[in-house]
Amino acid sequence: MNLVGTVLARVMLLITDENFWRGIVSIVVFVMFWEVGSRSQALFGFAFPWVSQVPPPTAVALEMFHLIQQPSFWVSAYLSTVRVFEGFFAAMLVGIPLGLAMAVSRTFYGMAFPVFEVLRPIPPLAWVPASIIFWPTQELSIAFVTFLGAFFTIVINVIGGAQSIDVRYFQAARSMGSSTWDIFRRIILPGVLPSIVVGATVGVGITWAVVVAAEMISGGGSAGSVGGASGGGLGFFIWNSYVGGSYTQIVAGMISIGIAGYMSSAVLRKLGAWMTPWLAEG
Amino acid sequence: MQQVAQAAAQLHASTTISLGSEVIVKNVGKAYGAEKFAKTVVHNCSFTIERGKLTVMIGPSGCGKSTLIRLLAGFERPSTGDLFVDEKSITGPGVDRLVVFQESALFPWMTTYDNIMYGPRARGEDTPQMRALAETLLQKVGLAAFRRKYPSQLSGGMQRRAELARSMINQPKVMILDEPFRGLDAMTKRLMQEYFANLFNEFRRTTFFVTTDIDEAIYLADRILIMTNIPTQVRASIDVNLPRPRNVENITESDEANAIKMQALLHEEAMKSFARGSKAAADFIEAYSKRIGKD
């Protein structure tokens with residue numbers, strides 16, 4: 001009863017929200033324009049530039065409907081997701097302590113930051129060839145590249161977050177008798193947490209961008225060579241569709257990645273909001 | 001319930017028996033920057049914050065009052081001279097001297113209750129007595145219903161009260177307040193002044209209060225220190241012997257209070273601290289002179 005009530009209240013809140021309807025309208029208009037544009041040759045006798053080259057959304061939707069019934073598609077999605085989160089968690093595991101260490105110790109900052117700043121502008125994809133040479137398996141080299149995608153964003157956010165903590169919090173804590181460890185645990189950690197959440201949310205988006213490109217370049221990892229055309233992750237799936245000339249599959253693959261990336265960010269945002277209740281409005 | 005009552009009694013006893021510490025500032029100077037480019041902010045400044053009294057410091061904004069507060073709190077060391085709490089030189093921050101900052105410095109990631117319990121937990125004193133004391137203070141500052149709220153969910157006035165409670169639970173020997181009611185709207189500000197005056201009246205601990213508002217100073221102070229502009233020194237010290245508890249309305253009417261205000265306004269620095277600049281101060285002096293002439 002209570003559950004039904006809260007669900008109902010949520011639905012009411014959603015359908016009375018103007019921005020919800022703005023979103024619906026914008027998506028519908030976008031899809032309609034796309035549909036008309038890609039069928040422009042048949043409808044008006046001339047081809048719209050660019051859009052007419054893209055398969056229409058109805059065909060893509062049909063393709064997706066077929067795809068989601070094929071286990072091999074889910075294997076691809078699974079492989080990419082695993083690679084994304086391997087890289088992402090490794091980046092969190094290494095990046096957060098490194099960022100905190102740089103924020104806390106001036107000495108360490110002085111030593112580590114220049115190296116960090118030289119490596120940071122190198123695009124993760126530029127690491128792909130080197131990574132293939134460094135790591136024994138293709139799987140590891142792809143995971144390493146996805147790691148790099150999230151790593152720098154997370155570290156930069158942790159450092160920035162720690163440096164922007166109000167100096168009065170430290171003064172107040174010291175006045176009240178806090179030890180250094182106590183200040184670290186109860187002031188610095190919670191003070192940095194919102195920045196970690198931001199870094200993680202942005203970082204996971206970059207990770208999806210990177211994993212797809214890395215799969216395309218390195219040929220979908222070891223699983224790709226074993227499982228054949230559809231065993232190498234979503235990036236390889238798209239590349240394979242391109243090679244095979246199936247344009248609807250390309251777009252379907254792109255949309256799957258969009259959805260996967262959105263869901264990853266949404267989950268992290270939710271998790272982040274749960275961990276930082278003091279930032280909630282109201 | 002009984003524990004709460006005990007805690008209240010404990011807070012009361014410990015505060016009324018000892019009236020807090022005496023603070024002596026002796027020939028203190030503070031300069032920033034390297035030798036040649038050094039800027040002297042405080043120069044040869046001496047004053048005493050008396051035990052159990054409320055000393056208010058006023059002066060134009062940017063005159064180094066906050067520097068003096070950082071020195072008293074021990075966040076910084078003076079370039080020359082020394083500061084003493086009960087004849088002991090101040091060498092660093094300590095729980096005996098707590099600062100309530102200009103804008104709220106409550107930890108945003110802690111609830112009201114956790115903020116108040118910060119000090120005791122920092123010292124490993126999360127005891128039933130302390131929890132009961134926190135309870136008492138929550139009630140004293142009228143935030144019992146807001147114990148689980150985060151600072152961002154409190155109004156400006158509530159935040160200041162929470163901060164007062166967070167300081168008071170540590171039973172500091174000296175409370176230092178750096179323009180604590182700045183930025184509050186006129187109504188809330190007056191309520192907070194009354195609130196604060198009542199708390200002081202009840203506990204009578206050594207208190208050092210910095211403000212730029214001369215009316216606030218007269219309403220609260222046992223003694224007013226008027227500071228000069230940079231480099232900061234004490235320009236004048238005025239004793240305020242109005243009976244407590246005071247009443248904001250009575251104070252604007254009281255001849256004694258007006259005489260004190262007049263006396264303070266004769267110092268250029270205090271003029272700048274009066275309501276909205278020296279025009280209002282000049283008007284006041286004119287009106288006051290007329291009134292004295294008539295009587």
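Structure's up top.
Every value quoted in this text rests on a predicted model; they were computed, and no experiment measured them.

### Brief notes about the overall build of chain B
- When its secondary structure is counted, chain B shows 12 helices and 10 strands.
- Per-residue burial for chain B yields a buried fraction of 41% across its 295 residues.

### A short note on the sheet that holds strand E3 (residues 54-58) of chain B
All names here are of chain B.
- Across the sheet, which stays open at both edges, the six strands sit in the order E6-E7-E8-E3-E9-E10 with mixed pairing between neighbours. Each end of this open sheet is capped by a strand with a single partner; those strands are strand E6 (97-100) and strand E10 (234-239). Looking at each pair of strands side by side, their axes are set apart by 20° on average, direction ignored.
- When strand E7 (residues 174-178) meets strand E8 (residues 206-211), the two strands line up parallel, connected through five bridges. Bridge pairing links Ile 176 to Phe 208 in E8.

### A closer look at the interface of chain B and chain A
- Contacts between the two partners involve 18 residues from chain B, matched on the other side by 15 residues from chain A.
- Of all the elements in the fold, those that place two or more residues in the side of chain B that touches chain A are E6 and helix H4 (118-122) of chain B.
- The leading source of residues in the side of chain B that touches chain A is H4(B), at three residues.
- For the side of chain B that touches chain A, the per-class residue count stands at 14 nonpolar, three polar and one charged.

### As for helix H10 (residues 255-265) of chain B
All names here are of chain B.
- Among the residues making up H10, those that are buried are Ile 260, Lys 261, Ala 264 and Leu 265. The buried residues of H10 occupy one face: seen down the axis, they fall within an arc of 130°. Every exposed residue of H10 that faces more than 90 degrees away from the buried side is listed here: Asp 255 and Ala 259.

### A few points about helix H6 (residues 156-168) of chain B
- An ideal rise of 1.5 Å per residue puts 18 Å on 13 residues; H6(B) measures up with 19 Å between its terminal C-alpha atoms.
- With 11 of 13 residues buried, H6(B) lies mostly within the body of the structure.

The rules we used
Residues numbered from 1 in each chain as written. Chains lettered and ligands numbered in written order. Predicted model: local features only at pLDDT ≥ 70, side-chain atom pairs only at ≥ 80, totals over all residues. Helix = DSSP H or I, 4+ residues; strand = E, 2+ residues; numbered from the N terminus. Buried ≥ 20, exposed ≤ 12 C-beta atoms within 10 Å, placed from the backbone. Pairing = 2+ DSSP bridges. Axes fitted to C-alpha atoms, helices over the stretch in contact; angles between N-to-C directions. Contact = placed C-beta atoms within 7 Å. Nonpolar A, V, L, I, M, F, W, Y, C, P; charged D, E, K, R; others polar. Arc of directions from axis to C-beta. Expected span 1.5 Å × (residues − 1).

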